[in-house]
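Descriptive analysis of the structure
Below are the chains, spelled out letter by letter.
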Amino acid sequence: MKKKFSLFASLILLISLGCGSYSFTGGSTGNAKTIQVNFFPNQAPLVEPSLSQRFTQDLQDLFTRQTNLTLVNAGGDLRFEGEIVGYRISPTTATANQTAAQNRLTISVNVRFTNVLKEEDDFEQQFSFYHDYNAGEQLAGSVLEAAYDEILPRITQDIFNASVAKW
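Residues numbered from 1 in each chain as written. Predicted model: local features only at pLDDT ≥ 70, side-chain atom pairs only at ≥ 80, totals over all residues. Heavy atoms only, no water.

Take the pattern of salt bridges next. For the coordinates displayed, the defined rule picks out 7 salt bridges. Here Asp58 ties to Arg54 by a salt bridge, and the two come within 3.3 Å at their closest N and O atoms. Residue Asp58 and its partner Arg54 are located together in helix H2 (residues 51–66), separated by 4 residues, close to a single helical turn. Residues Asp158 and Arg154 are paired through a salt bridge, measuring 3.8 Å at the closest nitrogen-oxygen approach. Of the two residues, Asp158 and Arg154 are both situated in helix H3 (residues 141–165); the distance of 4 residues between them amounts to about one turn of the helix. (Salt bridge = Lys/Arg side-chain N within 4 Å of Asp/Glu carboxyl O. Helix = DSSP H or I, 4+ residues; strand = E, 2+ residues; numbered from the N terminus.)

Right, let's talk about the nonpolar core for a bit. Phe55, Phe80, Tyr87, Leu105, Ile107 and Ile155 are the most contacted members of the largest nonpolar core, which has 36 residues in total. Breaking this core down by element, the ones donating at least two residues are strand S1 (34–37), H2, strand S3 (78–94), strand S4 (100–115), strand S5 (123–134) and H3. In terms of residue count, H3 provides more of this core than any other element does, 11 residues in total. Residues contacting Leu105, with those up to four places away along its chain left out, are Tyr87, Arg88, Ile89, Phe129, Tyr130, His131, Tyr133, Leu139, Leu144, Ala147 and Ile151. (Core = buried A, V, L, I, M, F, W, Y, C linked by side-chain atoms within 4.5 Å. Buried < 20%, exposed > 50% of the residue type's maximum accessible area, 1.4 Å probe, protein only. Contact = heavy atoms within 4.5 Å.)

Right under this line is the structure:
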């Protein structure tokens, strides 16, 4: 009985050590303890006033939910900074009358990621996604919220995957 307990305890110890610093979402934060997400200003030619705050907050929320990192204002082990560089509305499909049936909102964000503990993980990359909506609708209110609800989770998850999940 003592031998079975010893074997079981050793197995549990090996499993917990093998998991290292991986989270249940597949991301590895290594030895990092803190994360810093700077404000992402909107430098796109077309500016939506609420987008910068919403994007920055969504990125912070994703990392605090899916990792054990502590959010700090300065000196983070993992640092994100950048700017919103694209906010474009374009027609995607046409009707028989040569008018747009659907429009597409595309948002692009330039991200600079710095891992102060592992410099080879640093990158600068652009992330982008889109949402299609009926051309007869105004891109405001619930239509704009629906677009943000589709676009921003995709972009922030892509940033998470590129920085800590290495996908």
